Amino acid sequence: MPTEVSHPLFARIYPRINAFTEAHGAVEHRQELLVGIRGRVLEIGAGTGANFWHYPPEVEHVVAVEPEPRLRAQAERAAAEASVPIEVRAGLAEDLPAPDSSVDVVVASLVLCTVGDVPRVLAEAARVLRPAGELRFYEHVKADRTRRARLQRMLDPLWTRVGGGCHLTRDTERAITDAGFAVAHVRRFDFLVNGRTAPSSPTIIGVAHKRLPDTR
């Protein structure tokens, strides 16, 4: 299986998009996503490494997987300046480069909208997590309101082409529960910029636990 995907246009514009969203609240969202985690972590789709500054000192080691080579190069530079040990690797979320039951936390941050096979990615997350491990997720999702969801469906084909495979219409929380995770906490909100919504505004931040096998 390949370990890279190439989105040269998206890789060129994404750092500007990220800087803009961080100026309007994404920094606080990333901090909320990562608060309290500890141990060994695997981050799916690390992008430019925007999360790296926010890992708490209780984190022992992070493996950060990023398939886009231009973004991965930026993530490697960010990892060199991070306060916790971070190893950036090429790889796809559908085939994570980690042994079974080897990490305490899997972090999915604005990536489940882009992957080709969401159930497989979540199955991989469950595979690499230790028993009762955590999935931390921060994702934009399908709108609850009919009119906004209809707009998202209309825009999705173009959005996907220019956004590096990003989809507007995914019900990510449902996908997480369908994959066998138990959602312990989720906050749903609109990510507003200057008080205004965008097609990608509906957002969730949450924690899900790997279900333990039923031994009865």
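Up top is the structure.
First, a word on scope: everything that follows refers to the structure included in this document.

Definitions and limits used
- Residues numbered from 1 in each chain as written.
- Predicted model: local features only at pLDDT ≥ 70, side-chain atom pairs only at ≥ 80, totals over all residues.
- Heavy atoms only, no water.
- Helix = DSSP H or I, 4+ residues; strand = E, 2+ residues; numbered from the N terminus.
- Rg over C-alpha atoms; globule rule 2.2 N^0.38 Å.
- Buried < 20%, exposed > 50% of the residue type's maximum accessible area, 1.4 Å probe, protein only.
- Areas by Shrake-Rupley, 256 points an atom, 1.4 Å probe, with all protein chains shown as cover.
- Lys, Arg positive; Asp, Glu negative; His and termini not counted.
- Charge placed at Lys NZ, Arg CZ, Asp CG, Glu CD.
- Pairing = 2+ DSSP bridges.
- Axes fitted to C-alpha atoms, helices over the stretch in contact; angles between N-to-C directions.
- Contact = heavy atoms within 4.5 Å.
- Patch = residues over 30% accessible without salt bridge, like charges linked within 9 Å, V, L, I, M, F, W, Y side chains within 5 Å.
- Salt bridge = Lys/Arg side-chain N within 4 Å of Asp/Glu carboxyl O.

## So, the overall build of the chain
Looking only at helices and strands, one finds 5 helices and 7 strands in the chain. Secondary structure elements of the chain occur, N-terminal to C-terminal, as α-β-β-α-β-β-α-β-α-α-β-β. Whereas a compact globule of 216 residues would reach a radius of gyration of roughly 17 Å, the chain reaches 16 Å, a difference of no more than 12%. Reported as C-alpha extents along the three principal axes, the dimensions of the chain are approximately 45 × 45 × 35 Å. Out of the 216 residues belonging to the chain, those deemed buried represent 49%. Accessible area for the chain stands at about 10,800 Å²; split by element, carbon and sulfur atoms hold 53% of it. Computing the positive centroid from 28 side-chain charges and the negative centroid from 27, the chain places the two 6 Å apart.

## Structural notes on the sheet that holds strand β5 (residues 129–140)
Pairing is mixed in the open sheet, where 7 strands are placed in the order β3-β2-β1-β4-β5-β7-β6. Where the open sheet ends on each side, the last strands, each with one partner, are β3 (86–89) and β6 (181–190). Sheet twist, expressed as the mean angle between neighbouring strand axes with direction ignored, is 15°. Here strand β2 (residues 59–65) runs beside β3; their pairing, made up of 4 bridges, is parallel. Pairing of Val-65 across the sheet is with Arg-89, part of β3. Here helix α1 (residues 8–34) sits on the sheet in contact with β4 (103–109), β5, β6 and β7 (202–210), set at roughly 165° to β5.

## Some remarks on a nonpolar patch on the surface
Judged by side-chain polarity, Leu-9, Ile-13 and Ile-17 come together as a nonpolar surface patch covering roughly 240 Å² of accessible area. The exposure class assigned to Ile-13 is partly exposed, which follows from its relative accessible area of 31%.

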